[in-house]
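Working through the structure, step by step
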Amino acid sequence: MSPWGRCRRCHGRRSHRTAIGTRRDCPRCDGTGIRVRIGRRIADYIRAEYRAGNQ
């Protein structure tokens, strides 16, 4: 499974409509359309804590 998923706010389209109807880059994913999945975030956190404890 990929560590990346579609952005939940823009659904991978890289932009979203504002209240007045114009399109803007998605602020949540910075216009990339992707996000890091929760499992990858947990794995990165555990890895960082383990490395910090061994120094």
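Relevant structure appears above.
Quick look at the structure, then. This is a predicted model, so every value here is computed, not measured.

A look at the overall build of the protein
Each helix and strand in the protein was counted, giving one helix and four strands. Taken from the N to the C terminus, the helices and strands of the protein come in the order β-β-β-β-α. Relative to the globule expectation of 10 Å for 55 residues, the C-alpha radius of gyration of the protein, 16 Å, shows a markedly less compact shape. In terms of overall dimensions, the protein has a C-alpha envelope of 50 × 25 × 15 Å along the principal axes. Here the protein holds 55 residues, and 16% of them are scored as buried.

Examining the pattern of salt bridges
Applying the stated rule across the entire model yields two salt bridges. Among the ionic pairs, Asp44 bridges to Arg40, the shortest N-O distance being 3.3 Å. Taken together, the residues span about one helical turn, with Asp44 and Arg40 both in helix α1 (residues 38–53) at a distance of four residues. Residue classification places Asp44 among the partly exposed residues on the basis of a relative accessible area of 30%. Notably, a salt bridge pairs Asp44 with Arg47, separated by 2.9 Å at the nearest N-O pair. One end of the pair, Asp44, and the other, Arg47, are both in helix α1, three residues apart, so they sit about a helical turn from each other. On the basis of relative accessibility, which here comes to 38%, the residue Arg47 falls in the partly exposed class. Within this structure, Arg40, Asp44 and Arg47 form a network of salt bridges that share partners.

Remarks on a positive patch on the surface
The grouping of Arg6, Arg13, Arg17 and Arg23 at the surface amounts to a positive patch. Inspection of the secondary structure assignment puts Arg6 in strand β1 (residues 4–6).

Thresholds applied
Residues numbered from 1 in each chain as written. Predicted model: local features only at pLDDT ≥ 70, side-chain atom pairs only at ≥ 80, totals over all residues. Heavy atoms only, no water. Helix = DSSP H or I, 4+ residues; strand = E, 2+ residues; numbered from the N terminus. Rg over C-alpha atoms; globule rule 2.2 N^0.38 Å. Buried < 20%, exposed > 50% of the residue type's maximum accessible area, 1.4 Å probe, protein only. Salt bridge = Lys/Arg side-chain N within 4 Å of Asp/Glu carboxyl O. Patch = residues over 30% accessible without salt bridge, like charges linked within 9 Å, V, L, I, M, F, W, Y side chains within 5 Å. Areas by Shrake-Rupley, 256 points an atom, 1.4 Å probe, with all protein chains shown as cover. Lys, Arg positive; Asp, Glu negative; His and termini not counted. Charge placed at Lys NZ, Arg CZ, Asp CG, Glu CD.

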